[in-house]
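Summary of the model geometry
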Amino acid sequence: MRIDLHTHSSASDGTDTPADLVRAAKAAGLDVVALTDHDAMSGWAEAAQEADEVGITLVPGLEISTAYHHRGVHLLAYLPDPTDPPLAAALDRILAGRTARTPAIVDALRRHGIAITEDDVRRESGGSVAAGRPHVADALVRLGHAGDRTQAFTDLLNPGKPGYANRYAAPLEEMIPLVTGAGGVAVIAHPWGRSGGTVLDEAALSHLRDLGLAGVEVDHQDHGPDLRARLRAIAANLDLVVTGSSDYHGLGKVDHDLGVNTTDPEQYERLVSLASSP
Ligand code: AMP
Ligand code: FE
Ligand code: FE
Ligand code: ZN
């Protein structure tokens, strides 16, 4: 069983449509793939239909933008009830923050002398309800202001760069109970990657587990061998589920091919058994 529990489609900032992503997962030899678009469940229906067609198990999920002690933390939520009103309201607030940020980024870039419009960005974010910096990056590339997404981030879109603008993220300590309250399973994405940093130490993870956190994504490209070993030991101490995933974004992120990291079948079974949505 090959299981990849973290991927992005064009419903957020991936470059494959949900159906294309599911076909690519099948072609990569996966048996189970989770679709975890940023703050959005809008790709689920198309992905589920294609998964039925090609014969692969689709786990509906999402990667929620949260904040903990002033740091951005990405929270993976698996199998929540998509109609749960408190969760839907919380996601709407995050999506509104994304929508409001695009004009702020465009304004900042224009003040920096770069000719770009909101329409240029909308052209890239077309199928997505979760407008993000990757779409701005794609617009900058198309307009010739950057060579690729990575360069656009490094030169213009990362914090401290001329085109950076902040946006709303939900408090992590509120989001974990919201996810579990919606019958879902909460797993912290790349806890020690770019965003999590050192804030999420064992004491913090223990506290978050008391709020309902079920697991941590250990095997992720942002974690080197040493970080993985240390995080795995903490997960064992705290009896947290351990996952491994690609964080695939299609052509949008290099070195994140489908199945590059996978989740142990026993860990996957435990994760699914914790879900309680209808
Ligand atoms: P946002 O959520 O709109 O602030 O954008 C953050 C997203 O941009 C992350 O989820 C990554 O997928 C993507 N990202 C961040 N840095 C880079 C990079 N250097 N190259 C490509 N994608 C990136
Ligand atoms: Fe992303
Ligand atoms: Fe992430
Ligand atoms: Zn991701």
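Further up the page is the structure itself.
These lines cover the structure that appears in this document, whether it is placed above or below.

Criteria and cut-off values
Residues numbered from 1 in each chain as written. Chains lettered and ligands numbered in written order. Predicted model: local features only at pLDDT ≥ 70, side-chain atom pairs only at ≥ 80, totals over all residues. Heavy atoms only, no water. Donors = N, O, S within 2.8 Å, 3.2 Å for Na, K, Ca; no water. Helix = DSSP H or I, 4+ residues; strand = E, 2+ residues; numbered from the N terminus. Buried < 20%, exposed > 50% of the residue type's maximum accessible area, 1.4 Å probe, protein only. Axes fitted to C-alpha atoms, helices over the stretch in contact; angles between N-to-C directions. Parallel < 35°, antiparallel > 145°, perpendicular 65-115°, else oblique. Left-handed = near helix turned anticlockwise from the far one by under 90°. Contact = heavy atoms within 4.5 Å. Near = heavy atom within 4 Å. Polar contact = N/O pair within 3.5 Å; in protein donor to acceptor, adjacent residues only side chain to side chain. Areas by Shrake-Rupley, 256 points an atom, 1.4 Å probe, with all protein chains shown as cover. Core = buried A, V, L, I, M, F, W, Y, C linked by side-chain atoms within 4.5 Å. Salt bridge = Lys/Arg side-chain N within 4 Å of Asp/Glu carboxyl O.

Another point: the coordination of the iron ion (ligand 2). At 2.0 to 2.2 Å from the iron ion (ligand 2) lie its protein donor atoms, namely Asp13 (OD), His38 (NE2) and His249 (NE2). In this structure the iron ion (ligand 3) is found 5.7 Å away from the iron ion (ligand 2). With a gap of 236 residues between them, Asp13 in the loop between β1 (3–4) and α1 (18–27) and His249 in the loop between β8 (241–244) and α10 (265–273) connect regions that are remote in the sequence. Here Asp13 falls in the buried class, since its relative accessible area comes to 9%. His249 gets classed as buried once you look at its relative accessible area, which sits at 3%.

Let's shift gears to the packing of helix α4 (residues 118–125) against helix α5 (residues 133–142). Packing of α4 against α5 leaves a shortest axis separation of 8 Å and a crossing angle of 110°. By the angle between their directions, the pair α4 and α5 is classed as roughly perpendicular. When you trace α4 past α5, the crossing you get is right-handed. Here α4 contributes Asp120, Val121, Glu124 and Ser125 to the contact with α5, which in turn contributes His135, Val136, Asp138, Ala139 and Arg142.

Lining the immediate environment of ligand 1, one finds 14 residues, of which His38, Arg101, Arg133, Arg167 and His249 sit closest. Arg98 is positioned with one of its side-chain polar atoms (N or O) 3.1 Å from an oxygen atom of ligand 1. Here His249 contributes a side-chain N or O atom positioned 2.9 Å from an oxygen atom of ligand 1. Contact with the protein chains hides 88% of the accessible area of ligand 1, taken as 500 Å² for the molecule alone. Only α3 (85–111), α5 and α6 (149–157) provide two or more residues apiece to the shell around ligand 1.

A few words now on the nonpolar core. Within the largest apolar cluster, 46 residues are counted, with the highest numbers of intra-cluster contacts made by Ile64, Leu75, Met175, Ile188, Leu205, Leu208 and Leu213. In this structure, Val121, Val136, Phe153 and Leu156 belong to the second largest nonpolar core, which totals 16 residues.

Further remarks concern the coordination of the iron ion (ligand 3). Each protein donor to the iron ion (ligand 3) is listed here as Glu63 (OE), His74 (ND1) and His190 (NE2); together their distances run 2.1 to 2.2 Å. Counting gaps between the donor residues of the iron ion (ligand 3) yields the pattern E-x10-H-x115-H.

Attention now goes to the pattern of salt bridges. Proximity of charged atoms lets side chains of opposite charge pair with each other. Per the stated rule, a full pass over the model turns up 14 salt bridges. For Arg228, the salt bridge goes to Asp219, with nearest N and O atoms at 3.3 Å. Connected through salt bridges with shared partners, the residues Asp20, Arg23 and Glu50 form a single ionic network.

Everything listed here is a matter of geometry and, on its own, says nothing about what the molecule does.
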